[in-house]
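# Coordinate inspection notes
Residues per chain, in single letters:
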Amino acid sequence: MTRRRGRVRAALLGLCLLGGLLGGAQARTVKIISADTLELRQVDDQELVIITGDVELRVDDDVVRARRVEFNRTRRTLTLIGAASYRSARDGQNLSGENLVVELGQEQVTGEDVLISDSQLEIRGQEIERIPGQLRATGGYFTTCARCGRTPNDFAFRAERLLLYPGDRLVAYRAQLLLADVPVLFLPVLVLPLNDRERQPRLEVGRDAVDGYTVQADLPFSIGSSTLGTTLLRYYQNRDPSLGLGVSLRSYAPLPWVDRVNLYALANPRPVGSSGYDLDLNFGVRGRVPLELALRDLDYTLGVTRSDIGRSDTDPQRGVTNVTFGAKVDYPLYTAEFNYVNRFGPEPTTALGAPLKLPEVTVDPKVYTNGNLSADFRVSAGRYTGASNPLSRSASAQGVNITTERIEEQHSLAYTARPWQNADLSLSNTFTGRYYGTGARTVQLNLGATLTQRFNTTNTFSVGAGYLRTEGTSPLAFDALYGRTLSAPLSVTLSTVPVRDVTFGVSYSRDLFLKAEQQPPASFTLNVNRSPLSLNASSTVDLYARELKTFSYSATLSNTTGNSSLPLSPTGTAGRVKAAPRPQWPSTLALSAQGGYDQTTGPRPFTVSATVNGDVRTNNFTVSVTHNVSTPVINEARVNYSLSRTSDTVLNPLTLSGTERLLPPSGQIIGDASLTWRGRYRLSTAHSLYLTRPAGATSNGTLSVSAGTVQGSATNWNVTYGGPYDLVRGGFTQPTLSGSLGATRPGQSLALGATLNTPGLDQPRTELTRASLDASWQFGSRAALSGRGTYARTRSGTFPDDRATDTLTLDPLRLSVGLGRSGQPPGAYLSGSLRQTFTWVDGVRQNPAPLSPVLGLTIDRCCWALQAEADLGLRRYRVAVGLPGQSFYPLFDLTGDGLNVPLINP
């Protein structure tokens, strides 16, 4: 039996391509993941594949599990015999039931006694039918409480017929409302909105100083099994007329050859002082039309838009309706497109941003290839209205916009060949020509030829020739060509390796239509990568004037540069050639220099540096100097160092690193240094000082010293002292002492910070200027305490008559407690929070007010939730309710001004 099953599993691997045998553009890929036996049958001219055992199939991304599956290859159906399950990856739904039938062509699933569950709902039905974007059930029972695990469910519904649109809404006919599985209410039709808040029912009643009483109502509806919509009702007491009406709907495959229809239309009364309606319209259709011999269906889209609501009477877009239509078809020899873009309404008084196509037809033949020759053509023709090209006098004379016909032809030709050994020849021709009904034309032509010869693998020599021509003036601005181009460049490029580890290159181009003094310069490159020297140099030379245009170089002397290699024998292996002795260079020293020259600016700054390396990579010392040759003056002198103790890296690992920069032109010295012990504790200093104090300044810059732990640990602290420093008077002018402490534990966190002003040359007091606390503490799974507070002191006036202003902000201080049975998640939460700011001036509290805590109660029943909030300071009381997939919706809001019910009076 084991051997037999092994043969069956081997055969199943070959059937992973079952989807490819289905045929047709709508075929779905079916893969067998696991099974025990496989049997092929021929019944009534139908091919059946019987799969039994612990069967698992993948239908695209969907998962099918059953004990027995009958696959009808003729009808393209999967019949799951007995108990089975179907997992929809797109909708995130699990269907489990008896005798499920999967229609592969229509992506449809039917079955009996089916249970459907997803992240929000659980639905049971005597008969279930699932099609893309919709699920239908008869004799159904559904609830959002199933995932809570409570028995019985808090609330549920039983209905004769259900229509579920995943992520949108659920429609039930002849439904009963069940509380704790007890019927309490009968409803002929029930619509339960799911995720999308914009598609939920809404009723808002208000009063406006201009419009008077206003009513806005959005009422969802459904037509058949493919159309969902919302009726939009608007009422304004003082407008003429007072009533507005609209609709927003989406329809899925309502007609043959139509995949999707979207419609939003609202006729809204115009503002007070005007009569009539403003119209907003957004209509879209997308579909496919099957055509014989086409590689795929003809795709088309239609869109009609108009937006008047909110526009002024002088807005140029008012009353404008935009229409777009596009269709595309793909045949074996060519692809064709039809585009129509137009606007209806007042004539435009300004230049159009995008051209109108009235219409446009494009034919794009497939690329033709024959050996090394390839050709690609594209032709489009149409009538266009667009902004006039300001470079065309005749077009500008007709106004800001112009209408004309246009034919555009594009082609690209390419040919490659090898005329002889180690030679490559490539020819190319690209062309774009546009011809207009006004008699104008534009041409873009690019011809090119390149011949490359290789010598000894590493040496190449190539010559190239080209011809570029751009001319003509378009009457339309959207395809205008700016400038005229006429060029015929001839180029020569040489790249060679004259000796080992050395490369040299030169390139030169000459344009036959340019004068000698206008020709581009020749470029030269040199690279040396042989230990101990690494050199990169490049230059450009004007051959006509015999002048050096630019020159740059970078050189390094170090025994780690370069990688000499032995020459290869004809067989491809390293030849036994004795390598030349390498120059000796100390392993601890590296010297580098870089600089250059520019004809317009003169010599570039010259930088020389020296690096001394220790026995390990972490130990190094670098000194560099940058000299401005043109001035001449030293721009910068820099020292970088990094030192690590290596005698005992476990018991005493010390690391010292720092940077020091001297800028002679500004007389500034900038630097930092740090000493780290065991990668945890760090002592550091930083400074930015002017050697000569700037005029009007009271200090030469800043200087600080800090000690603490390295950031990133669970417990970290840091203390910093410093501030502005005066070299003339020899002390800090306004120093501060600041510290921070942070600690994190499971369920606990603490962050403390404080800043203290200390006496200095310009600061006589010692006082706390800022302090902050941010902490949270969780007590098991039932209680939590958290708080964030900030204290700050500022002064106004002149010492000693200045005044202190102290501010304490609590934002927030919160305590929450969970209520419920032991061993179960809390079903309710009590919380109290305080958000308040206290201010004192010279110790006297300003605008004293009592504490204003906010008390809250949250009841969480998984499938529904209730929130109540009492703001004792504002004397405001609010209650809101929430359902799965929805945010909390306020039921009422009680304040000192009265009661506000958002459903009636938002």
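Just so you know, these numbers come straight off a predicted model, no measurement behind them.

### Some words on the overall build of the chain
- Scanning the chain from N- to C-terminus turns up 3 helices and 57 strands.
- Going through the 906 residues of the chain one by one, you find that 32% of them count as buried.
- Partitioning the contacts of the chain with sequence separation of at least 6, the portion at a separation of at least 24 is 38%.
- For the chain, the accessible surface area stands at approximately 51500 Å², while carbon and sulfur atoms represent 57% of it.

### A few points about the pairing of strand β54 (residues 865-871)
- In the sheet, strand β53 (residues 853-860) pairs with β54 via 7 bridges, with the strands oriented antiparallel. Bridge assignment links leucine 855 to a residue of β54, and that residue is alanine 870.
- Hairpin connection between β53 and β54: a loop of 4 residues separates the two successive antiparallel strands, and cysteine 862 in this loop has a positive phi of roughly 70°.
- The antiparallel hairpin formed by β54 and strand β55 (residues 876-882) contains 4 residues in its connecting segment, where arginine 875 sits at a positive phi of about 55°.

### Section: the pairing of strand β40 (residues 654-663)
- Here 8 bridges tie strand β39 (residues 633-644) to β40, and the two strands are oriented antiparallel to one another. Counted as the bridge partner of serine 642 is serine 657 from β40.
- Where β40 folds back onto strand β41 (residues 668-677) in an antiparallel hairpin, the turn is made up of 4 residues, including glycine 667, whose phi is positive at roughly 65°.

### Some points on unusual backbone geometry
- Note the cis peptide between aspartate 240 and proline 241, where omega equals 0°.
- Looking at the secondary structure, you find proline 241 in the loop between β15 (227-236) and β16 (243-252).
- Here leucine 358 and proline 359 are connected by a cis peptide whose omega angle stands at -5°.
- With respect to the secondary-structure elements, proline 359 resides in strand β22 (residues 356-365).
- At alanine 253, a residue that is not glycine, the phi angle is positive and equals roughly 50°.
- Within the fold, alanine 253 resides in the loop between β16 and β17 (260-269).

### Some words on the packing of aromatic side chains
- On inspection of all chains with the given rule, the structure shows 11 aromatic pairs.
- Note on tyrosine 725 and phenylalanine 732: the rings are 4.9 Å apart at their centroids and 80° apart in plane angle, and the pair reads as edge-to-face. Accessibility classification places tyrosine 725 together with phenylalanine 732 in one group, the buried group.
- Pairwise contacts between aromatic rings join Tyr721, Tyr725 and Phe732 into one cluster.
- Its guanidinium or amino end placed over the ring of tyrosine 236, arginine 239 lies 3.9 Å from that ring's centre, counting from NZ or CZ.
- We note arginine 406 situated over the ring of tyrosine 384; from NZ or CZ to the ring centre the distance is 4.7 Å.

### Focus on the environment of leucine 298
- In this structure, leucine 298 sits in strand β19 (residues 296-307).
- Sequence spacing of leucine 298 and valine 329 is 31 residues, and the spatial spacing of their C-alpha atoms is 4.6 Å.
- When near neighbours in sequence (up to four residues on either side) are disregarded, leucine 298 contacts Gly287, Arg288, Val289, Leu291, Ala327, Lys328 and Val329.

### Topic: the environment of arginine 875
- Secondary-structure assignment places arginine 875 in the loop between β54 and β55.
- By relative accessible area, arginine 875 is classed as exposed at 63%.
- For the pair arginine 875 and valine 854, spaced 21 residues apart in the sequence, the C-alpha separation amounts to 9.6 Å.

### Digging into the confidence of the model for the chain
- Per-residue confidence for the chain gives a mean pLDDT of 85, with 88% of residues at or over 70.
- The low-confidence segment residues 561-580 (pLDDT under 50) makes 27 contacts with residues lying over four places distant or belonging to another chain.

### Side note on the pattern of salt bridges
- This model, assessed by the stated rule, comprises 44 salt bridges.
- With a shortest N-O distance of 3.5 Å, glutamate 70 and arginine 68 are connected by a salt bridge.
- With relative accessibility at 26%, the residue arginine 68 sits in the partly exposed group.
- With a closest N to O distance of 2.9 Å, aspartate 802 and arginine 765 form a salt bridge. Taken as a pair, aspartate 802 in the loop between β49 (783-796) and β50 (803-819) and arginine 765 in the loop between β47 (748-757) and β48 (767-779) lie far apart in primary sequence, 37 residues in all.
- We classify aspartate 802 as buried; its relative accessible area is 13%.
- Among the residues examined, arginine 765 registers a relative accessible area of 22% and is labelled partly exposed.

### Some details on a nonpolar patch on the surface
- Together, Trp677, Tyr681, Trp717, Val719, Tyr721, Leu737, Leu741, Leu750, Leu752 and Leu773 make up a nonpolar patch on the protein surface, roughly 780 Å² of accessible area in all.
- Those elements that provide at least two residues to the nonpolar patch are β44 (715-726), β46 (736-745) and β47.
- By the element assignment, valine 719 lies in strand β44.
- Classification of valine 719 as partly exposed rests on a relative accessible area of 37%.

The rules behind these values
- Residues numbered from 1 in each chain as written.
- Predicted model: local features only at pLDDT ≥ 70, side-chain atom pairs only at ≥ 80, totals over all residues.
- Heavy atoms only, no water.
- Helix = DSSP H or I, 4+ residues; strand = E, 2+ residues; numbered from the N terminus.
- Buried < 20%, exposed > 50% of the residue type's maximum accessible area, 1.4 Å probe, protein only.
- Contact = heavy atoms within 4.5 Å.
- Areas by Shrake-Rupley, 256 points an atom, 1.4 Å probe, with all protein chains shown as cover.
- Pairing = 2+ DSSP bridges.
- Phe/Tyr/Trp six-rings, centres within 6.5 Å; stacked < 30°, edge-to-face > 60°.
- Lys NZ or Arg CZ within 6 Å of the ring centre and 35° of its normal.
- pLDDT = per-residue confidence, 0-100.
- Salt bridge = Lys/Arg side-chain N within 4 Å of Asp/Glu carboxyl O.
- Patch = residues over 30% accessible without salt bridge, like charges linked within 9 Å, V, L, I, M, F, W, Y side chains within 5 Å.

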